[in-house]
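Each chain, letter by letter, is given below.
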Amino acid sequence: MFDDIHPMARKTEARGSAAAASGRHTPADVDGVAASSFLWSTTVLAPSTAVAVALFALLIRLLVSLGPYSGQGTPSMYGDYEAQRHWMEITLHTPTAEWYRNTAANNLSYWGLDYPPLTAYQSLAHAFLINASIPESLALSSSRGFESHKSKLAMRWTVLSSDLLVLFPAAIYFVSVYFRRNVGGDAKGRSSPWFLAMILLNPCLILIDHGHFQYNCISLGLTLGAIAAILSQKEITASILFCLAINHKQMSLYYAPAFFSHLLGKCFRRKNPIFEVLKLGLVVIGIFALVWWPYIHSVQSVMEVNIHVDIVSIEKHFTSLLSLGFLVIHRLAPFERGVFEDYVANFWCSTSMLIKWKRIFTISTMRFICSIATILAFFPSFVQQIKSPSDLGFLYSLLNSSFSFYLFSYQVHEKSILLPLLPASLLALQEPTLFGWLINCSLLSMYPLVCRDKLSLQYGSVLALFALIFYAPHGKQHGRVDKSSTKRVALLTVGLICSAVLHLVYLGLEPPKRYPFLFEALIMSFCFSQFVIYTVYTNIKQWMLLDHSSLKMRVKKDS
Amino acid sequence: MAWLGFASLLLRCLEEQQGRGAAMEEAVWMWAVAACVKALLIPSYRSTDFEVHRHWLALTSSVPLRRWYSDTSAPCCTLDYPPLFAYFQRLLALPATSLGLHPSGLLHLSPSPPSSAPLPVLLYLRLSVIVTDLVFLLAAVRLARRRLPIARRSIVLVLLLWSPALLIVDHIHFQYNGYLLGILLLSLSFLEEGKDLAAGIAFSVLICSKHLFLIAAPLYFVYLLRHYCRGSLWKASGRFLIMGGVVGAVFVAAFGPFFYYGQIQQVLSRLFPFGRGLCHAYWAPNFWVFYIVIDKLLAVVLSKLGFDIPSPEASFTGGLVGNSSHFAVLPQVTPLITFVMVLLSMSPCLIKAFQKPQAKHLIRWVAYAFTCGFMFGWHVHEKASLHFTIPLAVISVDSLNDARHYFLLSIVSCYSMFPLLFEPQEYPIKVLLLTLYAIAMWIGFSSYFKLVVVPAEDKVHNPSTSDREETFIGKFGTIYLLGLLGVELWGQLLHPYIFGSSLPFLPLMMISIYCAIGMVCSWAWQLRQILQRT
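Residues numbered from 1 in each chain as written. Chains lettered and ligands numbered in written order. Predicted model: local features only at pLDDT ≥ 70, side-chain atom pairs only at ≥ 80, totals over all residues. Heavy atoms only, no water.

- The name given to chain B in an unreviewed UniProt entry is Alpha-1,3-glucosyltransferase, with the source organism recorded as Zingiber officinale.
- Under the UniProt heading Subcellular location (unreviewed entry), the note attached to chain B is "Endoplasmic reticulum membrane". (UniProt positions renumbered as here; feature names shortened; annotations may be inferred.)

- Chain A carries the name Alpha-1,3-glucosyltransferase in an unreviewed UniProt entry, which gives Zingiber officinale as its organism.
- In its Pathway (unreviewed entry) section, UniProt records this for chain A: "Protein modification; protein glycosylation."
- In its Sequence similarities (unreviewed entry) section, UniProt records this for chain A: "Belongs to the ALG6/ALG8 glucosyltransferase family."

## Re the overall build of chain A
- Across its full length, chain A carries 25 helices and 0 strands.
- Here chain A holds 559 residues, and 59% of them are scored as buried.
- If you take every contact in chain A between residues at least 6 apart in sequence, the share linking residues at least 24 apart comes to 80%.
- Summed over its atoms, the accessible surface of chain A is roughly 22200 Å², and 69% of this surface lies on carbon and sulfur atoms. (Helix = DSSP H or I, 4+ residues; strand = E, 2+ residues; numbered from the N terminus. Buried < 20%, exposed > 50% of the residue type's maximum accessible area, 1.4 Å probe, protein only. Contact = heavy atoms within 4.5 Å. Areas by Shrake-Rupley, 256 points an atom, 1.4 Å probe, with all protein chains shown as cover.)

## Re the overall build of chain B
- When its secondary structure is counted, chain B shows 22 helices and 0 strands.
- A buried classification covers 56% of the 534 residues belonging to chain B.
- Taking contacts inside chain B between residues at least 6 apart in sequence as the whole, the part at least 24 apart equals 77%.
- For chain B, the exposed surface amounts to about 22500 Å²; the carbon and sulfur share of it is 69%.

## Structural notes on unusual backbone geometry
Residue and element names in this part refer to chain A.
- The backbone of Ser-141 sits at a positive phi, close to 55°, despite the residue not being glycine.
- Tracing the backbone shows Ser-141 in the loop between α5 (117-133) and α6 (149-180).
- In this structure Ser-141 comes out as partly exposed when scored by relative accessible area, which is 46%.

## Examining the side chain of A:Asn216
Residue and element names in this part refer to chain A.
- Of note, Asn-216 is situated in helix α9 (residues 216-231).
- Here the side chain of Asn-216 touches Gln-214 through a polar contact of 2.9 Å, side chain to side chain.
- If near-sequence neighbours (up to four positions away) are discounted, Asn-216 is found in contact with Leu-205, Ile-208, Asp-209, Gly-221, Lys-249 and Leu-418. (Polar contact = N/O pair within 3.5 Å; in protein donor to acceptor, adjacent residues only side chain to side chain.)

## Some remarks on the interface of chain B and chain A
- Contact residues are listed per partner, giving 46 residues for chain B and 44 residues for chain A.
- Here chain B and chain A share an interface that buries about 4100 Å² over both sides, 84% of which is from carbon and sulfur atoms.
- Where chain B touches chain A, the interface holds 0 salt bridges.
- Taken together, chain B and chain A are joined by 1 residue pair in polar contact (both at pLDDT 80 or more).
- Those elements giving two or more residues to the side of chain B that touches chain A turn out to be α1 (2-16), α2 (20-40), α7 (150-161) and α19 (427-453) of chain B.
- If one sorts the elements of the side of chain B that touches chain A by residue count, α19(B) sits on top with 13 residues.
- Class assignment of the residues belonging to the side of chain B that touches chain A gives a composition of 33 nonpolar, 8 polar and 5 charged. (Buried area = accessible area lost by both parts, 1.4 Å probe. Salt bridge = Lys/Arg side-chain N within 4 Å of Asp/Glu carboxyl O. Nonpolar A, V, L, I, M, F, W, Y, C, P; charged D, E, K, R; others polar.)

## Here we look at the pattern of salt bridges
- Using the criterion set out here, one finds 19 salt bridges over all chains in the structure.
- Note that B:Arg153 and B:Glu26 form a salt bridge whose closest N and O atoms lie 3.6 Å from each other. A residue pair is termed long-range when its members are at least 10 positions apart, and B:Arg153 in helix α7 and B:Glu26 in helix α2 qualify at 127 residues. There is no split in this pair, since B:Arg153 and B:Glu26 are both buried.
- Where salt bridges share partners, they join A:Glu235, A:Lys266, A:Arg270, A:Glu276 and A:Lys279 into one cluster.

## Topic: the confidence of the model for chain A
All names here are of chain A.
- Averaged over all residues, the pLDDT of chain A equals 80, while 78% of them reach at least 70.
- Below pLDDT 50 for its whole length, residues 1-37 participates in 47 contacts with residues either more than four positions away or in separate chains.
- Under a pLDDT of 50 for its full length, residues 476-483 has, in the predicted model, 19 contacts with residues more than four places off or in other chains. (pLDDT = per-residue confidence, 0-100.)

## Observations regarding the nonpolar core
- A:Phe56, A:Ile60, A:Phe174, A:Leu395, A:Phe531 and B:Phe445 are the most contacted members of the largest nonpolar core, which has 332 residues in total.
- Ignoring any residue separated from it by four or fewer positions in sequence, one finds A:Phe174 in contact with A:Phe195, A:Ile199, A:Leu224, A:Ile227, A:Ala228, A:Leu231, A:Leu395 and A:Leu426.
- Counting residues in each nonpolar core, the second largest holds 12 residues, with B:Trp288, B:Val289, B:Tyr291 and B:Val333 among its members. (Core = buried A, V, L, I, M, F, W, Y, C linked by side-chain atoms within 4.5 Å.)

## Section: the packing of helix α3 (residues 47-64) of chain A against helix α7 (residues 192-200) of chain A
All names here are of chain A.
- Running from amino to carboxyl end, α3 crosses α7 at an angle of 25°, the nearest separation of the two axes being 10 Å. The angle between α3 and α7 falls in the class roughly parallel. Crossing of α3 over α7 shows right-handed handedness. Contacts from Thr-49, Ala-50, Val-53, Ala-54, Ala-57 and Arg-61 in α3 reach Pro-193, Leu-196, Ala-197 and Leu-200 in α7.
- A breakdown of the residues in the contact of α3 with α7 according to their chemical character gives 8 nonpolar, 1 polar and 1 charged. (Axes fitted to C-alpha atoms, helices over the stretch in contact; angles between N-to-C directions. Parallel < 35°, antiparallel > 145°, perpendicular 65-115°, else oblique. Left-handed = near helix turned anticlockwise from the far one by under 90°.)

## Describing the packing of α6(A) against α7(A)
All names here are of chain A.
- At their nearest, the axes of α6 and α7 sit 10 Å apart, and the two run at 140° to each other. Here α6 and α7 pass one another in a crossing that is right-handed. Listed contacts from α7 to Leu-167, Phe-168, Ala-171, Ile-172, Phe-174, Val-175, Tyr-178 and Phe-179 of α6 are Ser-192, Phe-195, Leu-196, Ile-199 and Leu-200.
- Its residues placed into classes, the contact of α6 with α7 shows 12 nonpolar, 1 polar and no charged.

## Comments concerning α7(B)
Residues and elements named next belong to chain B.
- Its 12 residues give α7 an end-to-end C-alpha distance of 16 Å, which sits within 8% of 16 Å, the value for a rise of 1.5 Å per residue.
- Buried residues dominate α7, accounting for 10 of its 12 residues.
- Every buried residue belonging to α7 is among Ala-151, Arg-153, Ser-154, Ile-155, Val-156, Leu-157, Val-158, Leu-159, Leu-160 and Leu-161, and all of these are buried. (Expected span 1.5 Å × (residues − 1).)

## Observations concerning the state of the cysteines
All names here are of chain B.
- Applying the stated criterion across every chain yields a total of 1 disulfide over all chains.
- Here Cys-76 connects covalently by a disulfide to Cys-77, the sulfurs 2.4 Å from one another. Here the S-S torsion is close to -50°, and the disulfide linking Cys-76 with Cys-77 is therefore left-handed.
- A relative accessible area of 53% places Cys-76 in the exposed class. (Disulfide = S-S within 2.5 Å.)

## Considering the confidence of the model for chain B
Residue and element names in this part refer to chain B.
- Mean pLDDT over chain B: 85, with 88% of residues reaching 70 or higher.
- Contacts from residues 1-6, a stretch scored under 50 in pLDDT, to residues over four places away or in other chains number 12 contacts.
- Every residue in residues 314-324 scores below 50 in pLDDT, and together they form 28 contacts with partners more than four places removed in sequence or on other chains.

## Re helix α15 (residues 335-355) of chain B
All names here are of chain B.
- Over its 21 residues, α15 runs 30 Å from end to end, which matches the ideal 30 Å to within 8%, given 1.5 Å per residue.
- The largest bend along α15 measures about 50° and falls at Ser-347, with the proline Pro-348 one to four residues further on.
- Burial in α15 covers these residues: Thr-338, Val-342, Ser-345, Met-346, Cys-349, Leu-350, Lys-352 and Ala-353.
- On its buried face, α15 is in contact with α11 (217-227), α14 (287-304), α16 (362-376) and α22 (505-533). (Bend = angle between axes of the 7 residues up to and from the residue.)

## A look at the packing of aromatic side chains
- Taken as a whole, this structure holds 63 aromatic pairs over all chains when the rule is applied.
- With a centroid separation of 6.0 Å and 55° between ring planes, the pair formed by A:Phe403 and A:Tyr534 is classed as tilted. Of this pair, A:Phe403 sits in helix α19 (residues 391-408) while A:Tyr534 is found in helix α25 (residues 518-558), placing the two residues 131 residues apart along the sequence.
- Their ring planes at 65° and their centres at 5.7 Å tell us that A:Tyr447 and A:Tyr506 sit as a pair that is edge-to-face. Residue A:Tyr447 is found in helix α21 (residues 432-452), and its partner A:Tyr506 is found in helix α24 (residues 486-508); the two are separated by 59 residues along the sequence. One exposure class covers both A:Tyr447 and A:Tyr506, and it is buried.
- Grouping aromatic residues by their ring pairs yields a cluster made of B:Phe50, B:Trp56, B:Tyr81, B:Phe85, B:Phe88, B:Phe174, B:Tyr176 and B:Tyr179. (Phe/Tyr/Trp six-rings, centres within 6.5 Å; stacked < 30°, edge-to-face > 60°.)

## A look at the environment of B:Pro111
- Following the sequence through the fold, B:Pro111 ends up in the loop between α4 (83-98) and α5 (119-132).
- In this structure, the C-alpha to C-alpha distance between B:Pro111 and B:Pro75, residues 36 residues apart in sequence, is 9.2 Å.

## Some remarks on a nonpolar patch on the surface
All names here are of chain B.
- Residues Leu-482, Leu-485, Leu-489, Leu-493, Leu-494, Tyr-497, Ile-498, Phe-499, Leu-503 and Phe-505 make up a contiguous nonpolar surface patch of about 1000 Å² in total accessible area.
- Looking at which element gives the most residues to the nonpolar patch, the answer is helix α21 (residues 465-499), with 8 residues.
- Residue position: Leu-494 is located in helix α21. (Patch = residues over 30% accessible without salt bridge, like charges linked within 9 Å, V, L, I, M, F, W, Y side chains within 5 Å.)

What follows is the structure in structure tokens.
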């Protein structure tokens, strides 16, 4: 029911329109070309347009960063902003060996560092910059909860600069590789500036990084660079970048099955697969050794980190790289926390209204169940990539594997929706309508968080801006709206009305006293239902790619 | 979400009536994108003008009309715009009471610093600017619809609706220029369509809203006299009476009540405060900058040579609002002298309009008239350069030379407004706004003129695009823009490094002088165009 225009149909249609266009040579036609190429020159990513789109995306980030950050002016624990500031303080003033250790200077119960060492190094680098101008904002222990207009600005600019240095080049690299390698099939009538804008103007990412305050742009940017490197056949670069991404935020492991299966599938098709696998394995081990160098000389210190950063997840990556299976995957999530935090649009949270998972199972059983469910969820796409690795299939598989983690794994944040959103935006030219819809639902799933951070104004503006760019005149050239089937339009309309109603209800109504979180729960179950439909569809789509390619092969053989 | 639904619905509706609705769709889309940016700018820095406008809302809604211009409850924010703007403020205050904004202090007479405005007040005033910008959108669509080819239309719309100077002045600094310039553009579009009477009404409404636009009144008078009041003596005088009656009615509606209350003297003294100096605290980049600089240099040189020069200490650098200025060597400048100079410099376009009143040259003339007012006027603000850059945007695609001129002028005009936003938080925003606009102009102009203007043989001789791009702004333009970059780098990096916090006025002075060079060139270029082409 969601089937987008069939690739073959689209091909003939594009040819038809091209023929029609070449048939007319009136001045109006020339003008039409000029008008559409003025803002959205197609396919070829001219440097000037790429710069224009990137600068516009930067401007929007700057404007969102004018708003408040998480935990602004709420003492005792504050929010993620304070966490990042605290990490800068710790990394600047304590020796490397003590970053993850509970010491007099470093009280781990107050925003202890719980990301891998690359995050710590990044905090240190930013700490040097901020320390040069506002040292009092990073003074050891006395700076807890430090807030000032100037230090907010400095902190905001560190995120902006990391975004500009990591995500932006990666996105431009990806878009140029995408069109050069012709990943999306027939490229006629596709607008590359529009595509770049879809990746860079992802409203969820902008709100979380530049509103709420986090550095997701770094790990996502590294992942995006790795994806682009894989598309341009540079597997070693890809492994390096992806390992760095994992070492910045362990959540990047949501993509690991896709990377692993795709690379494995490719290696199997080469002359000596074992050598290829070993080569990549060595690269991965090398990068990890480099990043973990200060902790690697004693098992003791690694184990310390282990408590707070789930090194097990990395262990899992090694083991899965060696295809030893998923023996340790059940240790993926932090132990001490519950199956979900706050309200998340995943399976466990949405169904907990009916089944009280937390009461029925102990934590360890629950973790085991979560792992099995996650594996089952990403297994089909995993198998598909080993069976027939392809560029497009890889993008789908990234989406499917990250969605399976988001929906079923243990201990998921609402912010983790950013991970499936990245590959979804990379598929924006394949699945435009669904991408718009997914952004819509993901934003809705983050709405309670945005309200807590008092970012509603930024939320509304960024959403409207995204919708406007999405529906830009001349933007995508493919009139999806009129060509889509009535069934799909009806379904999307119903969804749109539901989400609008949920927004209004959440904003305007007081929840009943007996169920103070009723509306959150409603929003999450609605989003969950949409996500499930979406990922089932993309899984089917990924498997259909296999059919198409094998069909093509057969046709070739026959002829 | 509602936005999304609304946007898609709107676009769907617009798609149905393509062709006719295409200009509208494009314009609405661009306006909406700009509106998102404006909405995101709501928490940004705002100047004391924010408090001034808030106070006017309070004043007009809580003080009886006869005391509007004599009220001194807040000396910082006395009403000094003509009555129609005061009525407009009164109208803006109306929904506030029904929205229950009384407790937020929106309509309190006592002044409060703009940086600590409570959120409802901030939202209300900022949104009122965004909403009243719809007048500007309407005028832009009307103008763009007349200039038929699609490519030309979309470029003009981009230039008008995404103007960074307008964003800076209206949506960060805080003023209602979008609304006022919208009325100006409306009157220009009426003139282009030959609806002279409507244009006259629109223009008199504009003057009664902001009297700075009075500078173009001589031109309007000459043009309407020759274009509208033509024909036989009877017909001409009849039309003259009609126009006079209509314009008079607008003025009576605006000033009548104050005349009735015997306040007219008070109103006029508020509107024309000639007690202020020749230049604003920050010099607007016009002719008088050179006059002051030459005077200063002469004073220094002559006193070195042993002449006894009474030196007015730092009279132009210390912020001059409130007292008149004294020159050490050169003759004193009085308001009358500036008035005569403006009229003299404007005379070529007046003569042209008298000889051949043609609607197709009108925008050029109006822009030139405003340029003259900006160059030689008394106590000019840097924001007044909007009055001619915005109309010039409409004709910027008429020829390659126009495009080149507009490209440079709009950059200079926007850059001269940079000192309005002096906080580090807004610094990257203003730079990005200007850079994006420059890139958009670059892409738009080069794609347009490559396709349409460059003749076929030229394309054969000169197939590489780089040659043409090099010549787009010319050698002079490139050097000038590089110099602009140099001035900015000096002010931001080298000056603080070399001088520390001493000589704080020097970077501002350099911006003024450097931009004044560009403005004088633009004025001379426009004058030559008018003499040659119209």
